[in-house]
Amino acid sequence: MLNVNRYGEVTRIELARSILGRGLYWTTAYLVGCTLIDSGPAHTSRSLSRFLQDKPLTQILNTHAHEDHIGANGLLQRQREGLNIYAHPEAIPILENPVEEQPLQLYRQIMWGWPEACQVEPIRDGGKVTDGNLDLEVLHTPGHTEHHLCFYEPNRGWLFSGDLFIGGRDRALGAGNDIWQIIASLKRLAKLPANTLFPGSARVRTDPQGALQKRIHILEDLGDQILSLHRKGWKESRIASEVSGGPMWIELFTGGHFSRVHLVRSFLRQPRPQSTGEVDDHGS
């Protein structure tokens, strides 16, 4: 299933596997110029390929290596000679050998499917990827994954945030997410003079600073609440029920991969400084 919306020069492509006419879980790719930012899940790779068949495409930028963002890489690279694919160096082993390097729980296989391998080149924090008159700055923004990247076009004020930014209030968190890194990375983005925020699964925002600051405040307030209850001697499970309510369907469906307790545990870890990669200017 594929939905398309246009925001000036940016085409937003929403992708989801369809069962009984309904999309299971939507993720987003963006086409700007001859550049595709993320490529959705494997289950929608052929739909995306058909949509792009009459459009020029020279490169794919991956925000991170989760299967719902890299699923069409291999197919598109096979179909288009000379198509370049870029990602953070730590993501490359997964993109080049996804079956071995990123085993998928059953729910991930059902919702998104196994990505096809592709050949990838590294981009790093502080680098730049060009596309005609577009200059996409590379920002290392760990938290959702250690290798997560965002892309910023300063001349137009566009900020592509991948899965770093989501709206609303968290009730659960995925295993391996680092909430303190997420907050630090969001604060980095909030300093940019962006005018449009293009996230990986939430709606487009035309007030990026306001949306990012709201998100930061929600997470910091939640962290204060969790840490306060922890200092009172509450156990993790009790804190989880207090801040997130009763059991959630996502905990059962994902076999506990997403859970209220993961959210609590991430806040109880000591904050770690945000790490960045080496600067590597890259033009294509």
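Cut-offs applied
Residues numbered from 1 in each chain as written. Predicted model: local features only at pLDDT ≥ 70, side-chain atom pairs only at ≥ 80, totals over all residues. Heavy atoms only, no water. Helix = DSSP H or I, 4+ residues; strand = E, 2+ residues; numbered from the N terminus. Rg over C-alpha atoms; globule rule 2.2 N^0.38 Å. Buried < 20%, exposed > 50% of the residue type's maximum accessible area, 1.4 Å probe, protein only. Areas by Shrake-Rupley, 256 points an atom, 1.4 Å probe, with all protein chains shown as cover. Polar contact = N/O pair within 3.5 Å; in protein donor to acceptor, adjacent residues only side chain to side chain. Contact = heavy atoms within 4.5 Å. Core = buried A, V, L, I, M, F, W, Y, C linked by side-chain atoms within 4.5 Å. Patch = residues over 30% accessible without salt bridge, like charges linked within 9 Å, V, L, I, M, F, W, Y side chains within 5 Å. Salt bridge = Lys/Arg side-chain N within 4 Å of Asp/Glu carboxyl O. Phe/Tyr/Trp six-rings, centres within 6.5 Å; stacked < 30°, edge-to-face > 60°. pLDDT = per-residue confidence, 0-100. Arc of directions from axis to C-beta. Pairing = 2+ DSSP bridges. Axes fitted to C-alpha atoms, helices over the stretch in contact; angles between N-to-C directions.

1. A look at the overall build of the protein
Across its full length, the protein carries 11 helices and 16 strands. Whereas a compact globule of 284 residues would reach a radius of gyration of roughly 19 Å, the protein reaches 19 Å, a difference of no more than 12%. Reported as C-alpha extents along the three principal axes, the dimensions of the protein are approximately 60 × 40 × 30 Å. Counting all 284 residues of the protein, 54% fall into the buried class. As presented, the protein carries roughly 12,700 Å² of accessible surface, and 49% of it is formed by carbon and sulfur atoms.

2. Some points on unusual backbone geometry
Look at D38: it is not a glycine, yet its phi comes out positive at around 70°. Examined against the element boundaries, D38 turns out to sit in the loop between β6 (35–37) and α1 (45–52).

3. Focus: the side chain of T196
Mapped onto the secondary structure, T196 falls in strand β15 (residues 196–199). On the basis of relative accessible area, T196 is assigned to the buried category, the value being 13%. Within the structure, T196 has its side chain in polar contact with the side chain of N195 (distance 2.9 Å). Residue contacts for T196: discarding those within four places in its chain leaves G157, W158, L159, V204, R205 and P208.

4. Quick look at the nonpolar core
Ranked by internal contacts, the top residues of the largest apolar core, which has 32 residues, are L159, L186, L189, L212 and F267. With sequence-adjacent residues up to four places away left out, F267 is seen in contact with I179, W180, I183, L219, L222, G223, I226 and L227. I13, F51, A65 and I92 belong to the second largest nonpolar core, which has 23 residues in total.

5. A closer look at a nonpolar patch on the surface
Together, I19, L20, L24, Y25, L106 and I110 make up a nonpolar patch on the protein surface, roughly 610 Å² of accessible area in all. On the basis of relative accessibility, which here comes to 86%, the residue L20 falls in the exposed class.

6. Some words on the packing of aromatic side chains
In the structure shown here, the tally under the stated rule is 10 aromatic pairs. A centroid spacing of 5.4 Å and a plane angle of 65° characterise the contact between Y30 and F198, whose relative ring orientation is edge-to-face. Of the two residues, Y30 sits in strand β5 (residues 27–32) while F198 sits in strand β15, which places them 168 residues apart along the sequence. Like F198, Y30 is buried. Between W249 and F253, the ring centres sit 5.8 Å apart and the planes meet at 45°, which makes this aromatic pair tilted. With a gap of four residues between them, W249 and F253 both fall in helix α10 (residues 249–253), about one helical turn apart.

7. Re the confidence of the model for the protein
Of the residues in the protein, 95% have a pLDDT of 70 or more, and the chain-wide mean is 92. Taken together, the stretch residues 273–284 has pLDDT below 50 and engages in 41 contacts with residues farther than four places along the chain or on a different chain.

8. Observations regarding helix α9 (residues 236–244)
Since the α-helix turns once every 3.6 residues, residues separated by three or four places project in the same direction. When α9 is considered as a whole, its buried residues turn out to be I239, A240, V243 and S244. Seen end-on, α9 carries its buried residues on one side only, within an arc spanning 100°. In the stretch just after α9, G245 is the one whose phi turns positive, near 80°.

9. Structural notes on the pattern of salt bridges
Taken as a whole and judged by the stated rule, the model has 11 salt bridges. With a closest N to O distance of 2.7 Å, R188 and D125 form a salt bridge. Of this pair, R188 sits in helix α7 (residues 179–190) while D125 sits in the loop between β9 (121–122) and β10 (128–131), and the two are 63 residues apart along the sequence. Close ionic contact of D170 with R215 constitutes a salt bridge, the shortest N to O distance being 2.6 Å. Of this pair, D170 sits in the loop between β13 (158–162) and β14 (173–174) while R215 sits in helix α8 (residues 208–231), and the two are 45 residues apart along the sequence. The pair D170 / R215 is uniform in exposure class, with both members buried. A cluster of three or more residues bridged by salt bridges with shared partners is formed by E9, E153 and R156.

10. Notes on the sheet that holds strand β2 (residues 10–15)
The sheet built from seven strands is open, its strands ordered β1-β2-β5-β6-β7-β8-β9 with mixed pairing. One side of each edge strand has no neighbouring strand; the edge strands of this open sheet are β1 (2–7) and β9. Direction of pairing for strand β7 (residues 59–61) relative to strand β8 (residues 84–87): parallel, over a ladder of three bridges. Bridge pairing in β8 links Q59 to N84. α1 contacts β1, β2, β5 and β6 of the sheet and is inclined by roughly 45° relative to β1.

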